[in-house]
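# Topology and contacts: notes
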Amino acid sequence: MSTVQQKLQELKEKNAHVNLGGGRDKIDAQHKAGKMTAHERLHLLYDQGFYDELFRFIQHGSTSFGMAGKDLPADGVVTGLGAIRGRLVYTSSQDFTVMGGSVGWMHARKICEIMDMALKAGAPYIAINDSGGARIQEGVDSLRGYGRIFYYNTLLSGVVPQISIVAGPCAGGAAYSPALMDFVIMVKGIGKMFIAGPEVIKEATGEVISAEELGGAVVQASHSGNVHFIARDDADAIEIAQTLLSYLPANNTEDPPSLSTGELLMIEDEELNRLVPDDPRDPYNMFEILQRIFDPGTIFEVQSHYAKNMIVCFARLNGRVVGVVANQPAEKFGAIDIDASDKASRFVRFCNAFNIPLISVVDVPGFLPGVEQEFGGIIRHGAKMLFSFSAATVPKISVVIRKAYGGAYLAMCAKSLGADRVAAWPTAEIAVMGAEGAVSVLFKTDIQNAPDPKLKRRELIEKYREEFSTPYMAAARGLVDAVIEPKNTRAYLSVALESLRSKRDLRPQKKHGLIPL
Amino acid sequence: MSDQQHTTLVIGDRAYETSLTKKFKQRKPYAPLDPKKVLCVIPGVIQKVYVKEGQRVQCDDPLFLLEAMKMQNDVLSHLDGVVMSIQVQVGQMPAKGQVLLEFE
Amino acid sequence: MSLVHKKIDLFRRKDRVIKGGGQKAVDKQTALGKLTARDRIVALVDANTFHEYDLFVEHKCRDFDMDKKQLPGDGVITGTGMILGYPVCIYAQDFTVAGGSLGLMHARKITKIMDHAIKLGIPLIGINDSGGARIQEGVDSLAGYGEIFYRNTRASGVIPQISVILGPCAGGAVYSPALTDFVFVVDKISKMFITGPEVIKTVLGEEISMEELGGARVQTEISGNAHFFASNELECFHQIKRLVSFVPWNNQKKAMSFPARPPKHKYDIERIIPAEPTKPYDVRDVVNAVCDHSDFFEVQKHWAANIVVGFARMNGETVGVVGNQPLVLAGVLDVDSSDKAARFIRFCDAFNIPIVTFVDLPGYLPGVDQEYAGVIRHGAKVLYAYSEATVPKITVILRKAYGGGYIAMCSRHLGADFVFAWPTAEIAVMGPEGASNIIFKAEIAEAPDPAAMRKVKVQEYTDKFANPYVAAASGHVDAVINPAETREYLIHALEISTHKNESRPARKHGIPPF
């Protein structure tokens, strides 16, 4: 019979053993590959390196394919909770040193338990992915594991923020979990996500491609749109996650964390009066406007590598968090295409779910034309933006900087989609279509019958532009509630945002809307 | 409409007898992009050519000015290099994917 | 003036408006195979049940000589009627009046009937046939469209919304149909696109006709924007009536019950699945073999045909059916089929329609184009849709159910209420060939005759794992049933699930992947 002292010693040893994960050698290999261990990542993520680990003594129960008796500390995933900048956050951190971080039933169960706790506590959940995938030896049980994880991701969706860090492989079905979460941060050169890997693809289609080219950070962020942030390394990924969290409420019943002092800083910025070029064809960098409107240094861009013609970012205005959607005239003419629609609409949905007011900054010439866009379903995808903005019940404020034509303008949250406030700069061109198109329809006969049709056309276009491509037609009908001097934009937004703090918008009861997918 | 003629599709190392969709048959297999080529990604008419053959450029230097939808956008270089050949001229409307410029 | 005189006056006024744009304009439409707006409504609703509102609405525009123009009904007909005894709100744009263009009052008529539909909790049907925004009315038409989209969104998931494209529907106008639940198109008549051929020619220099760009075939086969294809308008109305019979009035009700009828004899369920596991069969035969009167109403038949979705009845009650289709692309899941399935599942969930899923797939379609197109994001939608759904979810695993595909097709782990498997089911982490390449890699490599060893290992794995019993042993499958018992099991499961009540954490809405 062992003494109490011996039992205490036993606990010490067990703890030490589990802490080592797959062992010294595997830890060294992890470091050599430029990766931190599961524990090291958590240590960096949580305040003062403190986190309360749960379920560390979990053991797998599998016996087939050589699994019997196999020692897998914590079954390859470290789960726990702690404070990040003082706020409660739950995490799961896969341990690549333990059987490649493979997912068996108990591994998945731990993750689901932690997610369930996050759900009940109303606290954010962060998943650090670093795993070779399903533990094939456990057969259907590993599938059960993944299935449950996806189920919980869906359960938590829109209730607590979910952030996924891909700091290693995340292949096959595993990639679905990050896709179901709200934001994905991937470590460049190390993180990889794909459903079918290079070998599978080579066998099936004969295409030859490297893992990095197929599902590495750059491709996923800029091409496929599955990744929202690219991190230089583990430490950077963690910092991104911490910064992101600082903009988000703990759960959907709370407002985002405010740094407001109660004062509104209504600074006039003369530079804004000079930013828009005289020639309406000239682009400019939308960020120069955004940086002058929002609190300095608070703009946190999301998906910066994807659909660059649309900017989505978090920012603060007088300390209050806002979600910003803006066109970028310097990319693809600022037009909206399929990717831009997906990017903007998902962001809008996220902000709406988490009580983050939306500010839309508009300079859009239209939808990007093209057979490829049509066949790709721009109709379905563009509709998502209209849906997301219409359905949003958070405060919605729009500022029209320059171009605002047709359906593309509506998609950027026009008054008729329920925008609470819409301001326009004097440079705004709000019209159902551009002057050229309009004149061709309205003055067809006049142009045909003119002595010099080309000249007549040019004259009419100029005249139409003067009269209609302005904010005043819209203002006359109340579709715009103010035409403001650019330098006063911050002041306008500050007052608007403050006055909408207590906004209540009731909608007909439903399980959920049916956004076009 | 799916083609009713049955053919084989290999999934998971097993060959299934099935039919293929038109979309599937028309898909372009992956071919790695030549980094030395600048392709046309946005529609438009070439308004200006900023560089000359033999000129050395840096990443993000403007190469062309494209105009469409009553807007103008610059096509920027994605690498540091020397311009080898310019394959379009002012007034042209390149097709998507067309080579605009090649680096050495 | 006496009542008689006033009645005559009313008759005259009505008569003027009902003629729409006049006989010449009507003849032009007829030549194209198109019915007039009013005739369409009359053909669609039950006899003598159409009540028209806002017949005398007039536009108020004074610019660009508009004050000289009289536009009967401002180019749109709105009202209520009954379809198969169901009340519906309906509007139909009148192409003979200013090309059916949308101006302020035209839009107001539509939004008014939409508001009615939401308040009254009855389905909304919109017949689109319009040249687009009435440019003369400028921002007013733009705002008008916005008001319509806003209401489409408000109504989404509250009442079923149906769009019928019986003419041009271009530019911003296409978004209203895109926001609705089901889009009906007719060959050679429907034309849907954001930017039309002229703009594409100007901006891109590409030549393409309206039909090639956004005709009915393109929308049903390539872009997936439309759900039903008809060869002519009458066939289209017949399809609409059929659809209406399957869906409830609003999200607080269940769909109409019909008398239960057994499946037709010609579908012998035990003879559908071939003995050879690599040979295909039509999963619709299975559906027809179990559903009432073998009456399966397929949705989006021509797009992403590797998955089949549609409505059927079991014991008189509507169910939504999802099934992998081995006939096409071996029934794999890919980007398009994921979108198709996920959207259908969510519709069923929003409108209290139980979902029955038939599973037979080898996995996901490999390919660089799939990855680049975002199969990760899109595939996740199916996982999301099934997990989110709180309607009764019943799954029948017919044959292959490997790995991620098994999980995605409404497995127990995504919250299926009942999972049945046929004896032909193969539920495994991967197929025998793939598994052998991984699990038995070393053994095969070290064998004197690797090819022979591989064959042995594949057979070993097949014998041990390519069946439903391993999964059944862990309770992942509720019952292994004989194909002939499928209908009985489904009906029973559906019946006992009638009052299923499952809650989700309180939230405004979830955030599905886009």
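Residues numbered from 1 in each chain as written. Chains lettered and ligands numbered in written order. Predicted model: local features only at pLDDT ≥ 70, side-chain atom pairs only at ≥ 80, totals over all residues. Heavy atoms only, no water.

With that settled, the discussion passes to the interface of chain A and chain C. Interfaces are often described in size by the accessible area the parts lose on coming together. Facing the 107 residues of chain A at the interface are 105 residues of chain C. When the shortest N-O distance is used, the salt bridge between A:R477 and C:D140 registers 2.8 Å. At the junction of chain A and chain C, the tally comes to 40 residue pairs in polar contact (both at pLDDT 80 or more). The leading source of residues in the side of chain A that touches chain C is helix α5 (residues 140-156) of chain A, at 12 residues. Considered class by class, the residues forming the side of chain A that touches chain C number 61 nonpolar, 29 polar and 17 charged. (Contact = heavy atoms within 4.5 Å. Salt bridge = Lys/Arg side-chain N within 4 Å of Asp/Glu carboxyl O. Polar contact = N/O pair within 3.5 Å; in protein donor to acceptor, adjacent residues only side chain to side chain. Helix = DSSP H or I, 4+ residues; strand = E, 2+ residues; numbered from the N terminus. Nonpolar A, V, L, I, M, F, W, Y, C, P; charged D, E, K, R; others polar.)

A few words now on the domain arrangement of chain C. Its domain assignment divides chain C into domain 1 (3-246), domain 2 (269-430 + 466-496) and domain 3 (432-465). The C-alpha centroid of domain 3 of chain C is placed 61 Å from the C-alpha centroid of domain 1 of chain C. (Domains from an automatic or database assignment.)

Further remarks concern the side chain of C:N250. All names here are of chain C. Looking at where N250 falls in the secondary structure, it is placed in the loop between α10 (233-246) and α11 (283-290). Among the residues examined, N250 registers a relative accessible area of 10% and is labelled buried. Of the polar contacts made by the side chain of N250, one reaches the backbone oxygen of G121; its length is 2.8 Å. The contact partners of N250, leaving out residues within four places of it in the chain, are G121, V158, I159, P160 and F351. (Buried < 20%, exposed > 50% of the residue type's maximum accessible area, 1.4 Å probe, protein only.)

All names here are of chain B. Pairing is antiparallel across the open sheet formed by 4 strands, whose spatial order is β3-β9-β8-β5. Edge strands, defined here as strands with exactly one partner in the open sheet, are β3 (37-39) and β5 (56-57). Two strands pair when backbone bridges link them, and β3 and strand β9 (residues 99-103) are joined in this way by 3 bridges, in the antiparallel orientation. From the neighbouring strand, L39 faces β9, where its bridge partner is V99. (Pairing = 2+ DSSP bridges.)

This paragraph deals with α5(A). All names here are of chain A. An ideal rise of 1.5 Å per residue puts 24 Å on 17 residues; α5 measures up with 24 Å between its terminal C-alpha atoms. The element α5 is largely enclosed, with a buried count of 14 among its 17 residues. At the C-terminal side of α5, G158 shows a positive phi close to 80°. (Expected span 1.5 Å × (residues − 1).)

The interface is formed by 26 residues belonging to chain A together with 17 residues belonging to chain B. Note on chain A versus chain B: buried area summed over both sides is about 1800 Å², and carbon and sulfur give 60% of it. Summed over the three residues of chain A that lose the most area to chain B, namely A:E207, A:R281 and A:F333, the buried surface amounts to 39% of that side. Viewed at the interface, chain B and chain A are joined by 2 salt bridges. (Buried area = accessible area lost by both parts, 1.4 Å probe.)

In an α-helix, one turn spans 3.6 residues, which is why side chains three or four residues apart end up on the same side. Residues and elements named next belong to chain C. The terminal C-alpha atoms of helix α4 (residues 104-120), which comprises 17 residues, lie 24 Å apart, in line with the 24 Å expected from a rise of 1.5 Å per residue. Of the residues making up α4, those classed as buried are M105, H106, A107, K109, I110, T111, I113, M114, A117 and I118. Contacts from the buried residues of α4 go to β1 (51-53), β2 (76-83), β3 (86-93), β4 (124-128), α5 (138-155) and β5 (161-165). Looking one or two residues past α4, G121 carries a phi angle of roughly 65°, positive in sign.

Next up on the list: the pattern of salt bridges. When the charged atoms of two side chains lie near each other, side chains of opposite charge can form a pair. Residues and elements named next belong to chain A. Applying the stated criterion across every chain, the model contains 72 salt bridges over all chains. The shortest N-O distance in the salt bridge between D420 and K503 comes to 2.8 Å. Here D420 is found in the loop between α16 (406-411) and β15 (421-424), whereas its partner K503 is found in the segment after α21 (489-499), with 83 residues between them in sequence. R501 serves as the salt-bridge partner of E498, at 3.3 Å between the closest nitrogen and oxygen. E498 sits in the partly exposed class, given a relative accessible area of 29%.

Take the packing of helix α13 (residues 338-353) of chain A against helix α15 (residues 378-391) of chain A next. Residues and elements named next belong to chain A. Between α13 and α15, the least distance of the axes is 8 Å, while the angle of their chain directions is 25°. Looking at the two axes, α13 sits roughly parallel to α15. Note that α13 runs across α15; the crossing there is left-handed. In this structure, α13 uses I338, S341, D342, A344, S345, V348, R349 and N352 to contact α15, whose residues at the interface are I378, H381, G382, K384, M385, F387, S388, F389 and A391. (Axes fitted to C-alpha atoms, helices over the stretch in contact; angles between N-to-C directions. Parallel < 35°, antiparallel > 145°, perpendicular 65-115°, else oblique. Left-handed = near helix turned anticlockwise from the far one by under 90°.)

A few words on the packing of helix α17 (residues 435-442) of chain A against helix α19 (residues 453-468) of chain A. Residue and element names in this part refer to chain A. For the pair α17 and α19, interaxial distance at closest approach is 9 Å and the crossing angle is 115°. Crossing angle aside, the handedness with which α17 passes α19 is right-handed. Here α17 contributes A435, E436, A438, V439, S440 and L442 to the contact with α19, which in turn contributes R457, L460, I461, Y464 and R465. In terms of residue class, the contact of α17 with α19 is made up of 7 nonpolar, 1 polar and 3 charged.

Take the pairing of strand β3 (residues 87-94) of chain A next. All names here are of chain A. Extensive coverage of β3 is indicated by the burial of 6 of its 8 residues. Both strand β2 (residues 77-84) and β3 contribute to a ladder of 8 bridges, which runs antiparallel. In the strand pairing of β3, V78 is matched with S93. The loop that links β2 with its antiparallel partner β3 comprises 2 residues; one of these, R85, has a positive phi angle of about 50°. Where β3 and strand β4 (residues 125-129) come together, 4 bridges link them in parallel fashion. Paired with S93 across the two strands is I128, which belongs to β4. For the crossover from β3 across helix α4 (residues 105-121) to β4, the handedness is right-handed. (Right-handed = clockwise from strand over helix to strand, strands pointing away.)

This next bit is on the state of the cysteines. Residue and element names in this part refer to chain A. With the rule as written, the count across this model stands at 0 disulfides over all chains. Here C170 is not cross-linked by a disulfide; its sulfur's nearest cysteine counterpart is in C112, at 15 Å. This cysteine, C313, is not joined by any disulfide, and C351 carries the nearest cysteine sulfur, 9.6 Å off. (Disulfide = S-S within 2.5 Å.)

Looking now at the packing of aromatic side chains. Enumeration over the complete set of coordinates arrives at 38 aromatic pairs over all chains. Seen from their ring centres, A:Y247 and A:F300 are 5.6 Å apart, and the 10° between their planes marks the pair as stacked. Remark: A:F300 occurs in strand β10 (residues 300-302) and A:Y247 occurs in the loop between α10 (234-245) and α11 (272-275); sequence separation between them is 53 residues. One exposure class covers both A:Y247 and A:F300, and it is buried. A network of ring pairs unites the aromatic residues C:F182, C:F184, C:F228, C:F246, C:F297, C:F311, C:F344, C:F347 and C:F351 as a single cluster. Its guanidinium or amino end placed over the ring of B:F24, B:R27 lies 4.2 Å from that ring's centre, counting from NZ or CZ. A cation sits over an aromatic face here: C:R313 above C:F258, 3.8 Å from the ring centre. (Phe/Tyr/Trp six-rings, centres within 6.5 Å; stacked < 30°, edge-to-face > 60°. Lys NZ or Arg CZ within 6 Å of the ring centre and 35° of its normal.)

The subject of this paragraph is the side chain of C:T78. Counting through the fold element by element, C:T78 comes out in strand β2. When near neighbours in sequence (up to four residues on either side) are disregarded, C:T78 contacts C:F50, C:H51, C:E52, C:Y53, C:D54, C:I90, C:Y91, C:K109, C:I110 and C:I113.

The next subject is the sheet that holds β3(A). Residues and elements named next belong to chain A. As summarised here, the arrangement of the 7 strands in space is β1-β2-β3-β4-β5-β7-β9, forming an open sheet in which the pairing is mixed. Lying at the two open borders of the sheet, with one neighbouring strand each, are β1 (51-54) and β9 (229-231). For this sheet, the mean angle separating the axes of adjacent strands, direction not counted, is 20°. Strand direction decides the pairing type here: β1 and β2, joined by 4 bridges, are antiparallel. Bridge pairing in β2 links E53 to G80.

With that out of the way, let us pick up unusual backbone geometry. Residue and element names in this part refer to chain C. Unusually for a residue other than glycine, D74 sits at a positive phi of about 50°. Of note, the phi angle at A304 is positive, near 45°, even though the residue is not glycine. The residue A304 is located in the loop between β10 (297-299) and β11 (307-314) in this model.

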